[in-house]
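Next come the chains, spelled out residue by residue.
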Amino acid sequence: MTITHSNITAPQHGGTTAGAAANGEQPALHSAGCFIFKSTPSRAGPHQYFTPIHGVPGSAGRLVAMQESAASGHHHRHQIVVPSRSDPLLRTMTEPIGGPLGRRSAPGSTDPGFFSVERVLILMAAVSAIIAVVGKFHCRQTGWTTPDQYSTVCWSVFPNSFVENKLGSLFPYFSPGATFDYPPLAGMIAGFTAWLTRWAGNGATGQLAFFDINAALIAVVWIFTVVVLARTSGRRPWDAAIVAASPLLLLAAFVSWDFWAVGLVSLGLYFFARGSTILAGAALGLATMVAPYALLVLLVLLVLGIRTGKVLPAVEALVAAGIAALVVLVPVLISNPSAWGVYLTQLIADPPSDSSIYGGYNLVAGRIGASLMSVETANVVAVILLALLVLAVVLLGLFTARRPRLASLAVVAVAGLIVVGKFSQPWHAIWLLPLLALALPRWRPLLLWQAAVITHFIAWMLFQSKQLGNIADTHAIDMPYFILAALLGAVATCAIVALTIRDMLHPQNDVIRRAGVDDPQLGALGADHTDVGAGSSKEGVTAHGLPSHD
């Protein structure tokens, strides 16, 4: 790329400049202020169109968007990244239907009519939600009975909790004697949806109605999450299709209330990217009251606040999160404090899940006659590993040569919890999906990871069928096969973490930064920030990859 002084403004039409460069045409001229930048296609891939500006610090891989002169009065639409061009797997998959999107379509500049990006994503998510419901058809027709619900792979927490927690007559956390296995906000959602089904009674009809209402609400949250991700990802709204058309969600979306936390965390990241730290903290605080993994996302915000020298926005988010969590928790503590105590006691006293490393060890040890790991030992080991995970997140956030992106560091934290958590379950992988869509938007590794997790989840259900129903091996699997599937899921998750850390240590491998954007989600922490930390240097760029004015 060359740089010369000029007073020439950018052309009026994006299709002749950035659009041409983005589609692999001849080098184009771009105006930014009083300079013209000459861009050439990068050798690294079809989506990397710009090369460093020599002599300008921190300009590697920077995308300089075309700007109209103030006198012209025109507004230019920034082009978006097209997956069929930028992702090798999708580029190959589009060949049977005509190949990647053509250069004359000028995405971001040409009006797409009714089928805008968001509307297409909404349609994808809606179709996926319908397919996910169809996958539960057997249990919806015959009921959720054991071991049939496991052997037919249509098990869900919703209908089972309706019966086990007596949701037809008890409201979790508020009714005397009511217990619940999820945090308070999830209990409130369960209680409210059970109240909506009171007309159906407490039998099979009520159970089915309870599942349907919860599934419908999660379908809405699914679509909402996809739209939020599209608006959070900057120039890459199509990355939200990773969630909209996720094979993992086809199996796991309607399994538990965890997807509410996924939606709230995604909303929190959206607010934070827009600089609304109070709203971001409130959304993340509510998420902790559905699934506590959101606490690690708050930790990531604090670490990056320290790294950028802007702790106040992170502290604002933390305070808002605490207040939002208390808004949910205080009514429980006032009306029925013993219910909260029972939940905390279960976290300590309950044995580890079969899918956790501790439960998996006990399954193998029990088969070979070795000594089992006690609950107390599992608690100690889990706390130690969690502390090491937090330390690793802090070290990565503060001491990498270049500041990690928010979503990337969150992936490391949440994936680590999934691997070392005492109550890890295969469906907890949905926590990672929106974070991976923002941190590692590469279809091939993400589809392989989801395939491994789906294998683990199906193996878990078939193993439960064997354990709880003792049925024939034609409808169940024995313990060694389940352990192998669980190990496959853990290894795949660790591989995703390794890829994410590689992008942190070698930013030239990060598809987001290679496209010229530093961190679309950094929000208030990224505006003219100073990158501080041992072994780091001042980057001199804003969150959007433009030169800072320091």
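Fair warning: this is a prediction, and the values are worked out from it, not measured in the lab.

Reading the values: the criteria
- Residues numbered from 1 in each chain as written.
- Predicted model: local features only at pLDDT ≥ 70, side-chain atom pairs only at ≥ 80, totals over all residues.
- Heavy atoms only, no water.
- Helix = DSSP H or I, 4+ residues; strand = E, 2+ residues; numbered from the N terminus.
- Buried < 20%, exposed > 50% of the residue type's maximum accessible area, 1.4 Å probe, protein only.
- Contact = heavy atoms within 4.5 Å.
- Areas by Shrake-Rupley, 256 points an atom, 1.4 Å probe, with all protein chains shown as cover.
- Patch = residues over 30% accessible without salt bridge, like charges linked within 9 Å, V, L, I, M, F, W, Y side chains within 5 Å.
- Salt bridge = Lys/Arg side-chain N within 4 Å of Asp/Glu carboxyl O.
- pLDDT = per-residue confidence, 0-100.
- Disulfide = S-S within 2.5 Å.
- Axes fitted to C-alpha atoms, helices over the stretch in contact; angles between N-to-C directions.
- Parallel < 35°, antiparallel > 145°, perpendicular 65-115°, else oblique.
- Left-handed = near helix turned anticlockwise from the far one by under 90°.
- Nonpolar A, V, L, I, M, F, W, Y, C, P; charged D, E, K, R; others polar.
- Phe/Tyr/Trp six-rings, centres within 6.5 Å; stacked < 30°, edge-to-face > 60°.
- Core = buried A, V, L, I, M, F, W, Y, C linked by side-chain atoms within 4.5 Å.

## Here we look at the overall build of the protein chain
Looking only at helices and strands, one finds 23 helices and 3 strands in the protein chain. A burial count over the protein chain gives 52% of its 550 residues as buried. Contacts spanning at least 24 positions in sequence make up 70% of the contacts within the protein chain whose residues lie at least 6 apart. Element-wise, carbon and sulfur atoms account for 68% of the exposed surface of the protein chain, whose accessible area totals about 23100 Å².

## Points about a nonpolar patch on the surface
Together, Ile306, Val311, Val315, Val319, Ile323 and Val327 make up an exposed nonpolar region whose accessible area comes to about 480 Å². Relative to the helices and strands, Val315 is located in helix 15 (residues 311-335). Among the residues examined, Val315 registers a relative accessible area of 33% and is labelled partly exposed.

## Things to note about the confidence of the model for the protein chain
Of the residues in the protein chain, 74% have a pLDDT of 70 or more, and the chain-wide mean is 81. The low-confidence segment residues 1-77, where pLDDT is below 50, has 144 contacts with residues more than four positions distant or belonging to other chains. Here residues 532-550 is a poorly scored stretch, pLDDT under 50, and it has 60 contacts once near neighbours within four places are set aside; other chains count.

## Concerning the pattern of salt bridges
Side chains that differ in charge, positive against negative, can pair when their charged atoms come close. A full pass over the atoms with the stated rule returns 11 salt bridges. Across the salt bridge formed by Asp239 and Arg236, the nearest N and O atoms sit 2.6 Å from each other. The salt bridge partner of Arg402 is Asp518, with a shortest N-O separation of 2.8 Å. Of this pair, Arg402 sits in the loop between helix 18 (375-399) and helix 19 (406-420) while Asp518 sits in the segment after helix 23 (511-514), and the two are 116 residues apart along the sequence. For Asp518, a relative accessible area of 0% translates into the label buried.

## Brief notes about the state of the cysteines
Scanning the entire structure with this criterion turns up 1 disulfide. Across the disulfide, Cys139 is cross-linked to Cys154 (sulfur-sulfur distance 1.8 Å). Disulfide Cys139 to Cys154: torsion about the S-S bond roughly 60 degrees, handedness right-handed. Of this pair, Cys139 sits in helix 5 (residues 137-142) while Cys154 sits in the loop between helix 6 (148-151) and helix 7 (157-164), and the two are 15 residues apart along the sequence.

## Thoughts on the environment of Trp238
If you trace the backbone, Trp238 turns up in the loop between helix 9 (204-232) and helix 10 (241-244). Separated by 121 residues in the primary sequence, Trp238 and Val117 place their C-alpha atoms 7.0 Å from one another.

## Let's talk about unusual backbone geometry
Leaving glycine out, the prevailing phi sign among residues is negative, and the prevailing peptide bond configuration is trans. Across the junction of Thr146 and Pro147, the peptide omega takes the value 5 degrees, indicating a cis bond. Looking at where Pro147 falls in the secondary structure, it is placed in the loop between helix 5 and helix 6. Backbone geometry places Val153, a non-glycine residue, at a positive phi of 55 degrees. Tracing the backbone shows Val153 in the loop between helix 6 and helix 7.

## Digging into the packing of helix 7 against helix 9
Their axes nearest at 8 Å, the elements helix 7 and helix 9 cross at an angle of 135 degrees. Looking at the two axes, helix 7 sits oblique to helix 9. Handedness of the crossing formed by helix 7 with helix 9: right-handed. Contacts from Phe158, Pro159, Asn160, Phe162 and Val163 of helix 7 reach helix 9 at Gly206, Gln207, Phe210, Phe211, Asn214, Ala215 and Ile218. Grouping the constituent residues of the contact of helix 7 with helix 9 by class yields 8 nonpolar, 4 polar and no charged.

## Observations concerning the packing of aromatic side chains
For the structure on display, the rule yields 23 aromatic pairs. Summarising the aromatic geometry, the rings of Trp155 and Trp460 are spaced 5.0 Å apart at their centres and angled 65 degrees between planes, so their arrangement reads as edge-to-face. Taken together, the positions of Trp155 in the loop between helix 6 and helix 7 and Trp460 in helix 21 (residues 443-469) put the pair 305 residues apart, joining distant regions of the chain. Grouping residues by exposure puts Trp155 and Trp460 together as buried. With a centroid separation of 6.2 Å and an interplanar angle of 40 degrees, the aromatic rings of Phe457 and Trp460 are classed as tilted. Highlighted residues: Phe457 and Trp460, both in helix 21, separated by 3 residues, approximately one helical turn. Clustering of aromatic rings is evident, with ring pairs tying together Trp144, Phe158, Phe162, Phe180, Tyr182, Phe210, Phe211 and Trp257.

## Examining the packing of helix 4 (residues 117-134) against helix 9
Two numbers describe how helix 4 lies on helix 9: the axes approach to 9 Å, and their chain directions differ by 150 degrees. Judged by the angle between their axes, helix 4 and helix 9 are roughly antiparallel. At the point where helix 4 passes helix 9, the crossing takes the right-handed sense. Mapping the contact onto sequence places Glu118, Leu121, Ile122, Ala125, Ala126, Ser128, Ala129 and Ala132 in helix 4 and Ala219, Trp222, Ile223, Val226, Val227, Ala230 and Arg231 in helix 9. Tallied by class, residues from the contact of helix 4 with helix 9 come to 12 nonpolar, 1 polar and 2 charged.

## Some details on the nonpolar core
Formed by 131 residues in total, the largest nonpolar core has its most connected members in Trp222, Trp257 and Trp449. With 12 residues, helix 21 is the single largest residue contributor to this core. The residues touching Trp449, leaving out its near neighbours within four places in the chain, are Leu248, Ala429, Leu432, Leu433, Leu436, Ala492, Thr493 and Ile496.

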